Amino acid sequence: MSLGLIVLCCLIIWRASDGFEAASEYLGRNLTDGVRGATINAIGSSMPELFTTLWFLFVLHDRDGFAGGIGTTAGSAVFNAMVIPAVVIFAVLMVGLAKSVNVSKKVILRDGISLLVAEFVLIFLVSGDTLSWWHGLVLMAMYGVYVIVLFAGMTSSDSDDSDDSDDDEDDEDDVPASVLTSLFTLDLENVFIRGGITKSSAWTLLLVSMAVIGGSCALLVHACEGAAGELGVATYFVAVILASAATSVPDTILSYRDAMNGDYDDAVANALGSNIFDVCFALGFPLFVYTIMYGDISMSTETVENITELRVLLLGSTALAFLIFLFGKGMSRIHAFLLLTVYVLFTAFILAKASEASWAIELGQRLQNLIL
């Protein structure tokens, strides 16, 4: 029952993400050099992680809530770094758009190094058994610095080549579905944009899509709690695998569509930028708000051990992905297989740890010793 509910939440997030994509594409039409993918696309498609972390904290509270929240954001970050680029590579090669996926080294270095720095800070910031409001504030400030650096470094050569009147492309020999049908199928784009997109309709679409995804994330948290009970494991493990995959649907769809349009920089920048948003803001903002309202979060020894392992795995997998992205002149099938292999190994460890396999417990102890 709970697993079915998680699938339903995933479908709702998937449908609502179409609205994100249409709105963010219009609002970010003047951004260049992968900046749109790393900011507007990344923020919009990472709303599920933000909402899910908020609901985990405010529904489960304190240690269980924070464990579920960091499990979702970190698990999603690993998914984004490994699965999304692999999907992009396979999609481009299978359709025959190119023989390899070439992404600007500038984008990889900029976002890859920024992500590694954010994860280093996360490791040393969340190192004790008590979390306070200033931990969340530091994480949010890091994301603010990242966005400032992005816009400061954006070249202006094409920043106005798609004039404000993008009213748009797909003017329309198609007969749009009725509003009622669109509401039933969650085709939010067709509900709010029927006669051509404008700035106000784009913002309306973006906000409504956020509200729909926010509601489905509340349901997702309850479903994960129920699934954990049915499976006899801690909610944290369900969050790392299932909640993280469900909340990464918008990132995957946006990156896939960017890749199909030949925007490889944005496709990869969205995945990496989403991770920076997840690590810094999607975790920092809920932590800040919760501790301001309820006081410091005290974590159990088990929670500290689990999130310590997860942070080390996150940093290690990101470093591997970074090296894979940089290896060679373009990304091919071998790069995709390497990325998927890393994700499969990560998932296998989490599942083994949830079932208390001896090798996983021993490996987890060694990962903890790298920090503690």
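What you are looking at is a predicted structure, and each value in this text was computed from that prediction instead of being measured.

Caption draft 1: The arrangement of the packing of aromatic side chains in detail. Following the criterion strictly, the structure yields 13 aromatic pairs and no others. Every member of this aromatic cluster is reached through a ring pair, and the members are Tyr143, Tyr146, Phe277, Phe281 and Phe285.

Caption draft 2: Seen up close, the layout of surface pockets. Taken as a whole, the second largest pocket holds about 240 Å³ of empty space. Residue lining of the second largest pocket: 15 residues in total, with Phe237, Glu302, Asn306, Lys353 and Glu356 positioned closest to the centre. Residues belonging to the lining of the second largest pocket are distributed by class as follows: five nonpolar, five polar and five charged.

Caption draft 3: Quick peek at the nonpolar core. If you look at the biggest cluster of nonpolar residues, it comprises 101 residues, and the most contacted ones within it are Phe66, Val101, Val103, Ile297 and Phe346. The dominant element in this core, judged by the number of residues it contributes, is helix H4 (residues 62–95), at 17 residues. Residues Leu220, Cys224, Ala227 and Ala243 belong to the second largest nonpolar core, which totals 14 residues.

Caption draft 4: Highlighting the side chain of Thr73. Tracing the sequence through the fold places Thr73 in helix H4. For Thr73, a relative accessible area of 3% puts it in the buried group. Looking at Thr73, its side chain comes within polar contact range of the main-chain oxygen of Ile70, at 3.3 Å. When sequence neighbours within four positions are dropped, the list of residues in contact with Thr73 reads Glu49, Thr53, Asp278, Ala282 and Leu283.

Caption draft 5: Geometry of the pattern of salt bridges. The final tally for this structure, using the stated rule, is two salt bridges. Here Lys353 and Glu309 are joined by a salt bridge, their closest N and O atoms 2.7 Å apart. Here the residue Lys353 occupies a position in helix H14 (residues 333–354), and Glu309 occupies one in helix H13 (residues 301–326), the gap between them amounting to 44 residues. Pair check on accessibility: Lys353 and Glu309 agree, each one buried. For the salt bridge of Arg366 with Glu362, the shortest nitrogen-to-oxygen distance reads 3.1 Å.

Reading the values: the criteria
- The residue numbering used here restarts from 1 in each chain and proceeds along that chain's sequence as written.
- Thresholds applied to this predicted model are a pLDDT of at least 70 for local features of residues and 80 or more for the giving and counting of side-chain atom pairs; totals over whole chains, interfaces and linings are not thresholded and use all residues.
- Derived side-chain values reflect all non-hydrogen atoms in the structure, with water molecules and hydrogen atoms excluded from consideration.
- When the centres of two rings from Phe, Tyr and Trp lie within 6.5 Å, Trp using its six-membered ring, the rings pair. Their planes under 30 degrees apart give stacked, over 60 give edge-to-face, and anything left gives tilted.
- Points on a 1 Å grid, built from protein atoms alone, make a cavity when a 1.4 Å probe fits but cannot get out and make a pocket when they are open with protein on both sides within 12 Å along at least 5 of 7 lines; residues with an atom within 4 Å of a point are the lining residues.
- Grid points are joined across faces, edges and corners, and a volume is the space filled by probe spheres set on the points.
- Each residue gets one label: Ala, Val, Leu, Ile, Met, Phe, Trp, Tyr, Cys and Pro are nonpolar, Asp, Glu, Lys and Arg are charged, and the others, such as Gly, are polar.
- Grouping buried Ala, Val, Leu, Ile, Met, Phe, Trp, Tyr and Cys residues that are joined through side-chain atoms within 4.5 Å yields what is termed a nonpolar core.
- To sort residues, take the accessible area from a 1.4 Å probe on protein chains only and compare it with the maximum for the residue type: under 20% means buried, over 50% means exposed, and anything in between is partly exposed.
- Elements are defined by DSSP. Helices are runs of H or I of four residues or more, strands are runs of E of two residues or more, and each kind is numbered from the N terminus.
- N or O atoms within 3.5 Å of each other form a polar contact, as long as, within protein, one can give a hydrogen and the other can take it, and as long as residues adjacent in sequence are counted only when both atoms are side-chain atoms.
- The contact definition used throughout considers only heavy atoms, calling two residues in contact when any of these lie within 4.5 Å.
- The working definition used for a salt bridge is a side-chain nitrogen of Lys or Arg within 4 Å of a carboxyl oxygen of Asp or Glu.

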